[in-house]
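An overview of the molecular structure
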Amino acid sequence: RNLQPTLTYWSVFFSFGLCIAFLGPTLLDLRCQTQSSLSQITWVFFSQQFCLLLGSCLGGVFKRTLAQSLFALFASSLAISVVFAIIPLCHNVVVLAVVMAVAGLAMGCIDTISNMQLVKIYQKDSAIFLQALHFFVGFGALLSPLIADPFLSDTNCILSNSTANASSNLPHIRKSLVPHHPGNLSHYDLPMKGMVVTRVSYAFWIMALINLPVPIAVFFLLYKERMVPCFSSSSHPLLSADELAMETRPPEKDDLSTSTQRPLAAGGHDDLFSCCQSKNFRGASYTYFAVHITGALVLFMTDGIVGEYSGFIYSYAVEEPLSVVHKVAGYLPSLFWGFITLGRLISIPVSYRMKPATMVFINVVGVLITFLLLLIFSYSVVFLFVGTASLGLFLSSTFPSMLAYTEDILQYRGCATTVLVTGAGIGEMVLQLLVGSIIHDQGSYSFLVCGMIFGGLAFTFYAFLLFFHRMYPKPSADLDDASPNKPAVTDVTGQYQR
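The rules we used
Residues numbered from 1 in each chain as written. Predicted model: local features only at pLDDT ≥ 70, side-chain atom pairs only at ≥ 80, totals over all residues. Heavy atoms only, no water. UniProt positions renumbered as here; feature names shortened; annotations may be inferred. Helix = DSSP H or I, 4+ residues; strand = E, 2+ residues; numbered from the N terminus. Contact = heavy atoms within 4.5 Å. Areas by Shrake-Rupley, 256 points an atom, 1.4 Å probe, with all protein chains shown as cover. Phe/Tyr/Trp six-rings, centres within 6.5 Å; stacked < 30°, edge-to-face > 60°. Buried < 20%, exposed > 50% of the residue type's maximum accessible area, 1.4 Å probe, protein only. Expected span 1.5 Å × (residues − 1). Polar contact = N/O pair within 3.5 Å; in protein donor to acceptor, adjacent residues only side chain to side chain. Patch = residues over 30% accessible without salt bridge, like charges linked within 9 Å, V, L, I, M, F, W, Y side chains within 5 Å. Salt bridge = Lys/Arg side-chain N within 4 Å of Asp/Glu carboxyl O.

Per an unreviewed UniProt entry, the chain goes by the name Major facilitator superfamily domain-containing protein 4A and belongs to Columba livia. Looking at the Subcellular location (unreviewed entry) heading of the UniProt record, one finds this comment for the chain: "Membrane". Checking UniProt for the chain, the heading Sequence similarities (unreviewed entry) contains the comment "Belongs to the major facilitator superfamily."

Shown next as structure tokens:
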């Protein structure tokens, strides 16, 4: 009976993936459309990433009840369709940055709310559903560039007398563009004035149509839950998380589960700002905070590795000592994202058999070993491709596994989802900027050294998380925490409030 909401959250995450991956390939055509410079157009990257982070922090505001969550998801998925539709009408780089900021806010809300709602529904069984959720974001991220590719300009899309030299370098420039680091591309002469000839508008309109069924699916779920004003449904509401938990728990634990969940429901604090209120910390042990912090730091590093590796692997490959041909090096980012998507697909059945803690351990150790081998065989082009595929596999399931593991430790009463999503978003943005600056100053070899350091830090923080897990109060302490004489220190987890 939870099939419909689960499929709806998966489809919304497909919308998230569709939106997150289209900007890179189309950025040069958008530069032509707005007649801006490379340094100006990369601010569009930054506006999207910054507002995605802000949306992740604010997403918790809308998930106190099921109705608020679904309305926020409906507005966010609809906003993504609208953004795709109006991007071709943005002929000023500032207007385009504002539009992408709106898309970033929508994506951040989707990221936080979808993860939290699946955790609320399935709790201890959420790992497999979270793996599937993150497969759909990878699937959307793979599909988006494929849709855009036929409509990208093969020559400079601003016709001018000075375009001849730059036109042959367009594929190289396109692959080298990363957020706010056009650095080594400044010597290419890309005109800003002239006749604009680009067909990228069709790609955005196609993606708007592909995404349109997603808000429709969310609206249909709202209708089935009888939450749409002026409409009523004769069908019964979908199964709530509380009812599901009572069905799946052993009979002798039913009374305990209801007695512990209901007192905690009144004090929910899902959003990041409410999590930071001092009244919610009353009675919480230091391990409660340590689990949140170390879990977020692991994802800060691993998601930061995803961002910096996908952003700079092409630039690293074409530089010495490898000096890979531009066309061949262009396959590396696609290989990386392809194996991330494949890894998430493989992780769906694997997570059914393997504990989230074990999966995270395999992931962080695999990342560390892969970077070590990439450093050892840094002169091998073949191993660069093998290592890129391996890194994609190991990084693929880290986020959903860590989220499921941390929520298990906190017994679904903390702010884990919001804190982890925010930490991952900050890491992806900050480490990409940091690595770009280091590569600019120290050379391309520092790219792998940074990855090795980040992988080592991820492993270290995971070791601390394991230590704090052993120190954290066992589930048998639930009854004491829920008693009238002790304040509720953490959030409700499983209750689907209407």
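1. Section: the overall build of the chain
Looking only at helices and strands, one finds 22 helices and two strands in the chain. Considering only intrachain contacts with a sequence separation of at least 6, the fraction spanning at least 24 residues in the chain is 83%. Put simply, the chain shows about 20500 Å² of open surface, and 67% of that area lies on carbon and sulfur atoms.

2. Quick notes on the packing of aromatic side chains
Here the distance between the centres and the angle between the planes together describe a pair of aromatic rings. The full count for this structure, using the stated rule, is 25 aromatic pairs. Taking the centre distance of 5.3 Å and the plane angle of 90° together, the rings of F22 and F204 count as edge-to-face. Of this pair, F22 sits in the loop between α1 (3-20) and α2 (23-34) while F204 sits in helix α9 (residues 200-211), placing them 182 residues apart in sequence. Like F22, the residue F204 is buried in the burial classification. Ring centres of Y309 and F447 lie 5.4 Å apart, and the angle between their planes is 35°; this geometry places the pair in the tilted category. Here F447 lies in helix α21 (residues 446-471) and Y309 lies in helix α14 (residues 286-318), a separation of 138 residues in the sequence. This pair shows no difference in class: Y309 is buried, exactly as F447 is. A connected cluster of aromatic rings, assembled from ring pairs, spans Y309, Y316, F336, W337, F371 and F447.

3. So, helix α5 (residues 93-122)
An ideal rise of 1.5 Å per residue puts 44 Å on 30 residues; α5 measures up with 43 Å between its terminal C-alpha atoms. For α5, the buried fraction is high: 25 of the 30 residues fall into the buried class. Capping the start of α5 is the job of one residue whose side-chain oxygen sits 2.8 Å from the backbone nitrogen of V94: N92. Just downstream of α5, Q123 is the residue with a positive phi angle, here 50°.

4. Description of unusual backbone geometry
For Q35, which is not glycine, the phi dihedral falls at a positive 50°. Note that Q35 resides in the loop between α2 and α3 (38-58). The phi dihedral of Q123 falls on the positive side, at around 50°, and the residue is not glycine.

5. So, a nonpolar patch on the surface
Side chains of L78, V82, I86, L89, Y202, W205, I206, L209, I210, L212 and I216 sit close together on the surface and give an oily, nonpolar patch of about 980 Å² of accessible area. Those elements giving two or more residues to the nonpolar patch turn out to be α4 (66-86) and α9. With five residues, α9 is the single largest residue contributor to the nonpolar patch. Exposure remark for I210: the relative accessible area of 32% places this residue in the partly exposed category.

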